[in-house]
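# Residue-level structural notes
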Amino acid sequence: MSSPIIIACLKWVAHPGEPHDERFAGASPADRAALELALQQAKELGGTVTAVTVGPPATETVLRDAVAAGADRAVRVDGPAAMLSSDVAAGIAGVAEGAAWVWCGDYSLDRGTGSVPAFLAAALGAQQALGVIDVQFAAPGPAARVTRRLDGGRREVLDVTGPAVVSVEGAVADLRRAGLGALRVATSASIDVVPLRSPARRLKAVVQPYRPRAMALAAPDGSPLERLRLLTDAAAATAARGETVTLAPPDAAARIVAALRGWGYLDS
Amino acid sequence: MTDVDVIVVGGGPAGSCAAITAARAGLDVVLIERGPFPGSKNMYGGVVYPRILDGLIPNWWEEAPVQRWVTRRSTMLLTPTQALTVDFRSQAWGAPPYNGATAYRPDWDHWLAGHAEAAGAQLITSTVVTGLLRAPSGAVTGVRTDRPDGDLTAKVVIACDGVNSFLAKEAGLYEHTDAKHFTLGVKETLALPKEVIDERFAVRDNHGVDIEILGGTGGVNGGGFLYTNLETLAIGVVLKLTKLGAQKARPEEIIAGLKRHPAIAPLVQDGELKEYSAHVIPEAGLTMMPKMIADGLLVAGDAAALCLAAGIWLEGVNFAMASGMYAGEAAAEAVRAGDLTAVGLAGYQRRLSDTFVLKDHRRLKRAPELVLSDRVQHLYPQMIANVAERMFRVDNPDPKPGLRRILAQERKRAGVRRRDLARDGWIGFRSFG
């Protein structure tokens, strides 16, 4: 049985503070965490790590960093700098076919949509665990126990077995510091360059300022009058008028309860 | 057998020029930079005089990342309410081969390091050299870095790790360091539209201005500067460390005071603060220079205190580039000859001694002390400004007084003794004459 192939997907992005200066560009924290987890898992499973990126030759810097950190192979899928997520995923899928695990960053620093991992899982027909905030490699066995961040502060714990695509947040792991020898070798390491499977559709240039996506908010419960009180913050307005009293603790507590009831907070 | 021929520590102007010359000589060179890219850790704001690059990068001006070519050079003398400016302009400095230029060092250093890489040097970034590797004999055989597996051996190490060089100190090349030999440079970068800068400083296109200021430092010995970049100004002060400490003054307040001065305020008005930074400067010249050669080790640039702070001449980058260049050449010479001892590396000292690098420092040996002395800092500016004010003031119906009389009166009023004036004049003449 051949050793499992583990893929680490990396995206070369401009630094948000210096968007026009390539000297500050590099992998996002989430991608660096993904690479670290790929390296850790490869050690657990006795597998090899292939670092993959999609883009022009300038993006190879993230691959060289990955090789310096310990990746066994580096592949650049040749394409433009900005592409649709589905096309990026299709490009990576060409390299990741047959891989036991694919590790991705949850989202990139350049306001990425975080959709590449999902497209990639679909393209590979693999399981997916997205938005992961904790990873525990089960020993022995090929599984990983991951914790996902859900809406409303909830968590989901999954036992994942490969083939799977896992996207992780940046805080999950710190990428190891490359050794000096490895760093020197990586500067001249060979990078495999493969073409995109299909012509990439370029992203249209975004000229408007960034706007966060709208959030769906549930309508408040209760009667119109209660909703009005919520929206106008009537209780706070009443409370703002306030009063200062000096009372013994039991009397003070009773006074507070009475005030809360008066403002409608304690109505059943 | 060593890992490489030459390790250059520090990707500043000295380091990159050392790497260029050593790599071009066919040596296996590694250039180690602590920042994510050369220049990323820099806070420089000044004028670069790159003529030394003529032999290294022909027609360097066609590609160098210059902000503005300095065609106006002003020396300004400030008292709290007066300003006397000597202003020189030369259009010749705005055309090849140029004279000096303002530049952003992150761009300049990045550019120079690119030439080092093109010459074959391997650039390693984000790596801090934490110490020297030594043979039992004490000879330097390499460096230790903060990376795992971080030791690297070499035939020659060139330390270009900047002012307060830990490597030169570790090698025992600095006999002693004294705070009085250093100044603190503090700088603000203020953004203004190019047209506004052009109009305020009376320049056009990519021509710029260099204003050196005596006074305006809130009573702390030192000086000020104001340089024009394309769309920013670099304004700051250089303060004698010991005086700054003794007076418990805050550098940012001193800059704020300089910016409020009536002669400066209109120039910097509405500038948007983009950056505030500070750095120690080795200002004592020859007095503080370390030994620059040991077995297997050369020291160049600020690490060797090769910074010329002589009042009307404030230069550092050209000395760094030249010393780095000569260090690279000397290293190549020693490696070829197979003699890596201090004797084998002595070509470095010879090159420094035969060129402006040490000739200028020898000539101006006493200038830094003179320029930062209390008389030059506090008495003479007031005296000269008062003389100028009386010269140009019309006190009718009184007749115009003679210059000699004004000088004598103002000298006496400033409390300057004749013999001090004569002594300082003699030192100045010997230095600058």
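The structure displayed is predicted, hence computed values, not measured ones.

The rules behind each value
Residues numbered from 1 in each chain as written. Chains lettered and ligands numbered in written order. Predicted model: local features only at pLDDT ≥ 70, side-chain atom pairs only at ≥ 80, totals over all residues. Heavy atoms only, no water. Helix = DSSP H or I, 4+ residues; strand = E, 2+ residues; numbered from the N terminus. Rg over C-alpha atoms; globule rule 2.2 N^0.38 Å. Contact = heavy atoms within 4.5 Å. Axes fitted to C-alpha atoms, helices over the stretch in contact; angles between N-to-C directions. Left-handed = near helix turned anticlockwise from the far one by under 90°. Nonpolar A, V, L, I, M, F, W, Y, C, P; charged D, E, K, R; others polar. Salt bridge = Lys/Arg side-chain N within 4 Å of Asp/Glu carboxyl O. Buried < 20%, exposed > 50% of the residue type's maximum accessible area, 1.4 Å probe, protein only. Patch = residues over 30% accessible without salt bridge, like charges linked within 9 Å, V, L, I, M, F, W, Y side chains within 5 Å. Areas by Shrake-Rupley, 256 points an atom, 1.4 Å probe, with all protein chains shown as cover. Domains from an automatic or database assignment. Pairing = 2+ DSSP bridges. Core = buried A, V, L, I, M, F, W, Y, C linked by side-chain atoms within 4.5 Å. Phe/Tyr/Trp six-rings, centres within 6.5 Å; stacked < 30°, edge-to-face > 60°. Buried area = accessible area lost by both parts, 1.4 Å probe. Polar contact = N/O pair within 3.5 Å; in protein donor to acceptor, adjacent residues only side chain to side chain.

## As for the overall build of chain B
Helices and strands together make up the secondary structure of chain B, namely 14 helices and 19 strands. Against the globule reference of 22 Å for 433 residues, chain B gives a C-alpha radius of gyration of 23 Å, in line with a compact fold. Along the three orthogonal principal directions, the C-alpha set of chain B runs to about 85 × 50 × 40 Å. Sequence separation of at least 24 residues holds for 72% of the intrachain contacts in chain B that already meet a minimum separation of 6.

## A closer look at the packing of helix H12 (residues 374-392) of chain B against helix H13 (residues 403-414) of chain B
All names here are of chain B. Orientation of H12 relative to H13, taken along the N-to-C sense of each, is 145 degrees, at an axis distance of 9 Å. Crossing geometry of H12 relative to H13 is assigned as right-handed. Residues Leu379, Met383, Asn386, Val387, Arg390 and Met391 of H12 form the contact with H13, whose participating residues are Leu403, Ile406, Leu407, Gln409, Glu410, Arg411, Arg413 and Ala414. Of the residues in the contact of H12 with H13, the class split is eight nonpolar, two polar and four charged.

## Some words on the pattern of salt bridges
Residue and element names in this part refer to chain B. Applying the stated criterion across every chain, the model contains 34 salt bridges over all chains. Linking Arg351 and Glu329 is a salt bridge whose minimum nitrogen-to-oxygen distance equals 2.9 Å. A residue pair is termed long-range when its members are at least 10 positions apart, and Arg351 in helix H9 (residues 347-354) and Glu329 in helix H8 (residues 317-337) qualify at 22 residues. Residue Arg351 is classed as buried on the basis of its relative accessible area of 19%. Notably, a salt bridge pairs Arg351 with Glu333, separated by 3.0 Å at the nearest N-O pair.

## Concerning a nonpolar patch on the surface
All names here are of chain B. Taken together, the side chains of Met391, Phe392, Leu403 and Leu407 define a hydrophobic patch exposed on the protein surface, amounting to about 410 Å² of accessible area. Within the residue set of the nonpolar patch, elements represented by two or more residues are H12 and H13. Locating Met391 in the fold gives a position in helix H12. Residue classification places Met391 among the partly exposed residues on the basis of a relative accessible area of 37%.

## A short note on the domain arrangement of chain B
Domain assignment breaks chain B into domain 1 (4-67 + 103-175 + 290-363), domain 2 (184-282) and domain 3 (373-432). Distance between the C-alpha centres of domain 1 of chain B and domain 3 of chain B: 44 Å.

## A word on the sheet that holds strand E10 (residues 164-168) of chain A
Residue and element names in this part refer to chain A. The strand order across the open sheet formed by nine strands is E9-E8-E7-E10-E6-E1-E4-E5-E11, and the pairing between neighbours is mixed. Of all the strands in the sheet, the pair left with one neighbour each is strand E9 (155-160) and strand E11 (192-195). Strand-to-strand twist in this sheet, taken as the mean axis angle between neighbours without regard to direction, amounts to 35 degrees.

## Re the nonpolar core
One finds A:Trp103, B:Trp108, B:Ile158, B:Leu297, B:Leu298 and B:Tyr348 to be the most contacted residues of the largest nonpolar core, which totals 133 residues. Apart from residues no more than four positions distant in its own chain, B:Leu297 is found in contact with B:Leu132, B:Val140, B:Val157, B:Ala159, B:Ala171, B:Leu173, B:Met292 and B:Leu345.

## Points about the packing of aromatic side chains
Residues and elements named next belong to chain B. A complete count under the given rule lists twelve aromatic pairs over all chains for this structure. Geometrically, the ring pair formed by Trp69 and Tyr98 is stacked, given 3.6 Å between the ring centres and 15 degrees between the ring planes. Residue Trp69 is found in strand E4 (residues 68-78), and its partner Tyr98 is found in the loop between strand E5 (83-89) and strand E6 (101-102); the two are separated by 29 residues along the sequence. As far as the burial class goes, Trp69 and Tyr98 line up, both buried. Pairing Phe319 with Phe356 gives two aromatic rings, centres 5.0 Å apart and planes at 55 degrees, and the pair type is tilted.

## Considerations on the interface of chain A and chain B
With ten residues of chain A at the interface, the matching set in chain B holds 22 residues. Here chain A and chain B share an interface that buries about 1300 Å² over both sides, 54% of which is from carbon and sulfur atoms. In this assembly, chain A and chain B are joined by two salt bridges. A:Arg23 is the partner of B:Asp107 in a salt bridge, and the nearest nitrogen-oxygen pair spans 2.9 Å. Where chain A packs against chain B, one counts nine residue pairs in polar contact (both at pLDDT 80 or more).

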